[in-house]
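Commentary on secondary and tertiary structure
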Amino acid sequence: MKRRNFLKNSRAATAGLISTTLLGSCKEEKAVPVLKNENAEVVRPIVICTWNFLNASAKAWEVLQAGGTSLDAVEQGVMVEEDDRNNQTVGTGGRPDRDGNVTLDACIMDKDGNCGAVLAMQNIANPISVARKVMEDTPHVMLAGKGAEQFAYEKGFPKADLLTEKSKQEWLEWKKTSEYKPIINIENHDTIGILAIDKNGDISGGCTTSGMAYKMAGRVGDSPIIGAGLFVDNEIGGATATGVGEEVVRTVGSFLIVELMRQGKTPQEACEEGVKRIMAKNEGRDDFQIGFIAINKNGEIGGYCIQPGFSYRTYSEEGHRNNPSKSFLS
Ligand code: SD4
């Protein structure tokens, strides 16, 4: 569908949705200034991220409010979580693989379809920023392992010890049984995928994680894979994922959701279809979690997951809130 038709079809629905569904329960209601982009289309800057990350979404919103780009907003937003030592599935403090090494995955994608990613990178605290450097300063999209780490040093990133005492002690405890079974909404509950629209109406996204706790050395999930953990098409919208990455990769989940929006589905409908595809391939299984969030060009949002317990946070001119997600299973 051409962008103009897409906008026309979804505009009417969006106008109501932003003020009622999305932000209806915000505490602070205030008059919203109408921003327009160069094509005189109404633009409503907004941030949406997986899980209840108030600090990350607030930081991203602060960047947007100061007139920053959606790319700066998503990068600076997720850096807050990467730097939080208490967050055990992102950046510093992330849980290690089964050998005791913290290996980080991240990717970023901008309004022009440029993208960058780092996979299984050690000793660097902000993989999202290294991913951005891969995007901006190299002819490549992905750098992995030692190559990514070396590139980060060349770009001036300091060497960091990512394994906190808490994560180390938990890993030592885990080693006593070495039982590997991701726990729904507990073990893998902190991957942050984030999408933002800036005052020009441009969309960017980012995704960062330490991956599944106690994974095999070298294992990489969906989070740094463009199309799986994150996808943005500035003409249509963006999507990002959290949960068991293998299942998201198998359906190229985030790309699928953006393509479903291109075909006319709302972000909510597209996220629901994405989860249903995964469940159709896993008939009879109900022991894992996936959560998708999506946004379209008009700032209309959606989110859907397999298990109850997933939520996503939104931040916009009308305020901010944590949105409990609808789920496939009850
Ligand atoms: C992965 N998708 O590595 C990530 C894990 C995750 O919240 O989302 N954790 O498979």
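The preceding data block contains the structure.
Keep in mind that this is a model prediction, so the values were computed, not measured. (Residues numbered from 1 in each chain as written. Predicted model: local features only at pLDDT ≥ 70, side-chain atom pairs only at ≥ 80, totals over all residues. Heavy atoms only, no water.)

**Observations concerning the packing of aromatic side chains**
Per the stated rule, a full pass over the model turns up 5 aromatic pairs. Summarising the aromatic geometry, the rings of Trp51 and Phe310 are spaced 4.9 Å apart at their centres and angled 85° between planes, so their arrangement reads as edge-to-face. Taken together, the residues span a long stretch of sequence, with Trp51 in the loop between β3 (46–50) and α2 (54–65) and Phe310 in the loop between β12 (301–305) and β13 (311–316) at a distance of 259 residues. On the basis of relative accessibility, which here comes to 2%, the residue Phe310 falls in the buried class. Pairing Phe231 with Phe255 gives two aromatic rings, centres 4.9 Å apart and planes at 85°, and the pair type is edge-to-face. One end of the pair, Phe231, is in strand β9 (residues 230–233); the other, Phe255, is in helix α8 (residues 253–262), with 24 residues separating them in the sequence. Taking relative accessible area as the criterion, Phe231 reaches 14% and is therefore assigned buried. (Phe/Tyr/Trp six-rings, centres within 6.5 Å; stacked < 30°, edge-to-face > 60°. Helix = DSSP H or I, 4+ residues; strand = E, 2+ residues; numbered from the N terminus. Buried < 20%, exposed > 50% of the residue type's maximum accessible area, 1.4 Å probe, protein only.)

**Considering the sheet that holds β12**
Strands pair in a sheet through their backbones, by hydrogen bonds, and they do so in one of two ways: parallel or antiparallel. Spatially, β9-β10-β11-β12-β15 is the arrangement adopted by the 5 strands of the open sheet, whose pairing is mixed. Of all strands in the sheet, those with a lone pairing partner are β9 and β15 (326–327), marking the two edges. Where strand β11 (residues 290–296) and β12 come together, 5 bridges link them in antiparallel fashion. Residue pairing for β12: Phe292 is matched across the bridge by Tyr304. Where α8 meets the sheet, its contacts fall on β9, β10 (237–243) and β11, and the angle it forms with β10 comes to roughly 145°. (Pairing = 2+ DSSP bridges. Contact = heavy atoms within 4.5 Å. Axes fitted to C-alpha atoms, helices over the stretch in contact; angles between N-to-C directions.)

**Describing the state of the cysteines**
By the definition in use, this model includes 0 disulfides. Of all cysteine sulfurs, the one in Cys207 lies closest to Cys107, which takes part in no disulfide; the gap is 5.5 Å. Left unpaired, Cys115 is separated from the closest cysteine sulfur, that of Cys107, by 7.9 Å. The exposure class assigned to Cys115 is buried, which follows from its relative accessible area of 13%. (Disulfide = S-S within 2.5 Å.)

**As for the sheet that holds strand β5 (residues 115–121)**
If you trace the 8 strands from one edge of the open sheet to the other, you get β6-β5-β4-β8-β7-β3-β13-β14, paired in mixed fashion. Two strands in the sheet have a free side with no partner beyond their single neighbour: β6 (142–144) and β14 (319–324). In this sheet, adjacent strand axes meet at a mean angle of 10° when their direction is disregarded. Note: strand β4 (residues 104–109) against strand β8 (residues 203–209), 5 bridges, orientation antiparallel. Paired with Ala106 across the strands is Thr208, a residue of β8.

By themselves, these are just geometric observations and shouldn't be taken as functional.
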